[in-house]
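Each chain is listed here by its residues.
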Amino acid sequence: MDQAAKKQAVAAAAIEEIRGQFVSGAIIGVGTGSTANAFIDLLAQHKQHFDAAVASSKATADRLGGHGIRVLDLNDAGTLAVYVDGADEADPDLNLIKGGGGALTREKIVAAASERFVCIVDDSKCVGTLGAFPLPLEVLPMARELVMGALRDLGGAPQVRSGFTTDNGNLIIDTARLDLRDPPAAERQLNDLVGVVCNGLFALRPADALLVAGSSGVAHYVKNDQ
């Protein structure tokens, strides 16, 4: 099974995972990226069974709208029953690195507003310890050099993502070589850097369920305390 087929398989598994949310009046949070896009395309087949969606990016909103799915602003939607999104890395405790598509801040907001977060990945994204994928941070433009200096002081190797601006009008700084062995502590530390809007660690609010597509099918993992 190639990577495209794995994305299709895990997207289909996510539809089955959240089928209980397909009820009148339901609003579903939807993430950003290629795996989320595969989910959106399948979700459209069930659009008559839920009320609307909240998108984590303009690109996702456009794709949902293109399928005729009503898109709401989170401020109008309130608490969501479920949020479905991909990840760039996932560890055994369901901590994640996200932000490869640059939508990490809005993704984190929608995840925080959701009672349940279902993460969908292929097996290439599963790691023992986070950090092989450079951690994205959304940063205010005027704070670029200040934040890059602070990241170097932490042992990181930061690089501004060339030619990219977030939906919020900010920069992305991708940072390799950070010590992420304690993801919640690292997330708090990076949040405290002046000028950082958000970092791509999802550890203070990790996934509740992780669906992983591999060559033999889709595996299902949940948080140990559930």
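Scroll up a little and you will see the structure.
Residues numbered from 1 in each chain as written. Predicted model: local features only at pLDDT ≥ 70, side-chain atom pairs only at ≥ 80, totals over all residues. Heavy atoms only, no water.

A. The overall build of the protein, seen in detail. A tally of helices and strands in the protein yields 7 helices and 13 strands. Compactness check: the protein gives a C-alpha radius of gyration of 17 Å against a globular reference of 17 Å for 226 residues, within 12% of the reference. Its C-alpha atoms give the protein principal-axis dimensions of roughly 50 × 40 × 35 Å. The buried share of the protein, reckoned over its 226 residues, is 51%. In the protein, the proportion of contacts linking residues at least 24 apart, taken out of those at least 6 apart, comes to 72%. (Helix = DSSP H or I, 4+ residues; strand = E, 2+ residues; numbered from the N terminus. Rg over C-alpha atoms; globule rule 2.2 N^0.38 Å. Buried < 20%, exposed > 50% of the residue type's maximum accessible area, 1.4 Å probe, protein only. Contact = heavy atoms within 4.5 Å.)

B. Summary view of the sheet that holds strand β10 (residues 196–199). Spatially, β8-β9-β7-β10 is the arrangement adopted by the 4 strands of the open sheet, whose pairing is antiparallel. Edge positions in the sheet fall to β8 (157–160) and β10, since each has one partner strand and no second. For this sheet, the mean angle separating the axes of adjacent strands, direction not counted, is 30°. Direction of pairing for β8 relative to strand β9 (residues 171–176): antiparallel, over a ladder of 4 bridges. The residue bridging V160 from the neighbouring strand is I173, located in β9. Strand contacts of helix α5 (residues 104–112): β7 (135–139), β9 and β10, with the helix running at about 65° to β10, the strand carrying the most contacts. (Pairing = 2+ DSSP bridges. Axes fitted to C-alpha atoms, helices over the stretch in contact; angles between N-to-C directions.)

C. Looking closely at the packing of helix α1 (residues 3–17) against helix α2 (residues 34–43). Contact pair α1 / α2: the axes reach a minimum separation of 8 Å and the direction vectors enclose 50°. Relative to α2, α1 is oriented oblique. Like other packed secondary-structure pairs, α1 and α2 cross with a definite hand, here right-handed. Mapping the contact onto sequence places K7, Q8, V10, A11, A12, A14 and I15 in α1 and S34, T35, A38, F39, L42 and L43 in α2. Tallied by class, the residues present in the contact of α1 with α2 amount to 9 nonpolar, 3 polar and 1 charged. (Parallel < 35°, antiparallel > 145°, perpendicular 65-115°, else oblique. Left-handed = near helix turned anticlockwise from the far one by under 90°. Nonpolar A, V, L, I, M, F, W, Y, C, P; charged D, E, K, R; others polar.)

D. View of the side chain of R161. In this structure, R161 sits in the loop between β8 and β9. Owing to a relative accessible area of 16%, R161 belongs among the buried residues under this scheme. Side-chain polar atoms of R161 contact the backbone oxygen of G100, separated by 3.0 Å. (Polar contact = N/O pair within 3.5 Å; in protein donor to acceptor, adjacent residues only side chain to side chain.)

E. Looking closely at the state of the cysteines. For the structure shown, the criterion picks out 0 disulfides. Free cysteine: C119, not disulfide-bonded; nearest cysteine sulfur from C126 at 8.7 Å. (Disulfide = S-S within 2.5 Å.)

F. Up close: a nonpolar patch on the surface. On the surface, a nonpolar cluster with roughly 330 Å² of combined accessible area is contributed by L140, M142 and V197. Examined against the element boundaries, M142 turns out to sit in the loop between β7 and α6 (144–153). (Patch = residues over 30% accessible without salt bridge, like charges linked within 9 Å, V, L, I, M, F, W, Y side chains within 5 Å. Areas by Shrake-Rupley, 256 points an atom, 1.4 Å probe, with all protein chains shown as cover. Salt bridge = Lys/Arg side-chain N within 4 Å of Asp/Glu carboxyl O.)

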